[in-house]
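So the chains spell out like this:
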Amino acid sequence: QGQPPEDSKSHCVRCHKSFDTRNNKQGSCVVQHHEDEDGEFMENYSRGGTDWYQGQLECCGGFHAFQRHGAGEKFEPKHCFQGCHTIDPICITYHHASNPARTIVPCSHEKRCPAHVIAAAATAEREAADRAGAGGASDAPDDANVEIARLVFDVESTDAL
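Since the model is a prediction, treat every value here as computed from it, not as a measurement.

### Overview of the sheet that holds strand β7 (residues 73-76)
Here's step 1: Across the sheet, four strands lie side by side as β4-β5-β6-β7; this open sheet has antiparallel pairing. Of all strands in the sheet, those with a lone pairing partner are β4 (45-46) and β7, marking the two edges.
Here's step 2: Bridge count between β4 and strand β5 (residues 52-56): two bridges; the pairing is antiparallel. The residue of β5 that forms the bridge with Ser46 is Gln54.

Next up, the structure:
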């Protein structure tokens, strides 16, 4: 009693926004589907004899359909992701770096993520790459995510002190 309230702001490693940990509910974290400069969501689509063009979204593999004359569109799922925010990279399946339409990506300066989160991620990636070179690359992604989570939790827990 009489102590200042604990800082409840954290950085979501999925959508890269700050969030209040006391108000983190289903639907708080939303990552939109990728849309290119021309307003396109997918490259390969077909009409199949109907008024609806349909195909697979490049960003997440979801389904997109739109009417030939622009009267409507459908997404399944509605977003690349919609759920709760997280500070734990282990909970996230990041889109592969070779996908130009990727929307769920690791923390970076471009995403305006906090420097301590970016530094923790970079350190974990280097350490995982070093371990992979010594013992086989198949363990690297899991090791990197575990290490990123450990470093992020360590930094955030010391920030609260």
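### Some thoughts on the pairing of β5
Here's step 1: Connecting β4 to the antiparallel partner β5 that follows it, the hairpin turn spans five residues, and Gly48 within it adopts a positive phi of roughly 60°.
Here's step 2: Bridge count between β5 and strand β6 (residues 63-67): five bridges; the pairing is antiparallel. Bridge pairing links Gly55 to His64 in β6.
Here's step 3: The loop that links β5 with its antiparallel partner β6 comprises six residues; one of these, Gly61, has a positive phi angle of about 85°.

### Let's talk about the side chain of His85
Here's step 1: Tracing the backbone shows His85 in the loop between β8 (81-83) and α1 (115-135).
Here's step 2: Among the polar contacts made by the side chain of His85, one reaches the main-chain carbonyl oxygen of Ser28 at a distance of 3.2 Å.
Here's step 3: When near neighbours in sequence (up to four residues on either side) are disregarded, His85 contacts Cys12, Cys15, Phe19, Asn24, Ser28 and Cys29.

Cut-offs and rules
- Residues numbered from 1 in each chain as written.
- Predicted model: local features only at pLDDT ≥ 70, side-chain atom pairs only at ≥ 80, totals over all residues.
- Heavy atoms only, no water.
- Pairing = 2+ DSSP bridges.
- Helix = DSSP H or I, 4+ residues; strand = E, 2+ residues; numbered from the N terminus.
- Polar contact = N/O pair within 3.5 Å; in protein donor to acceptor, adjacent residues only side chain to side chain.
- Contact = heavy atoms within 4.5 Å.

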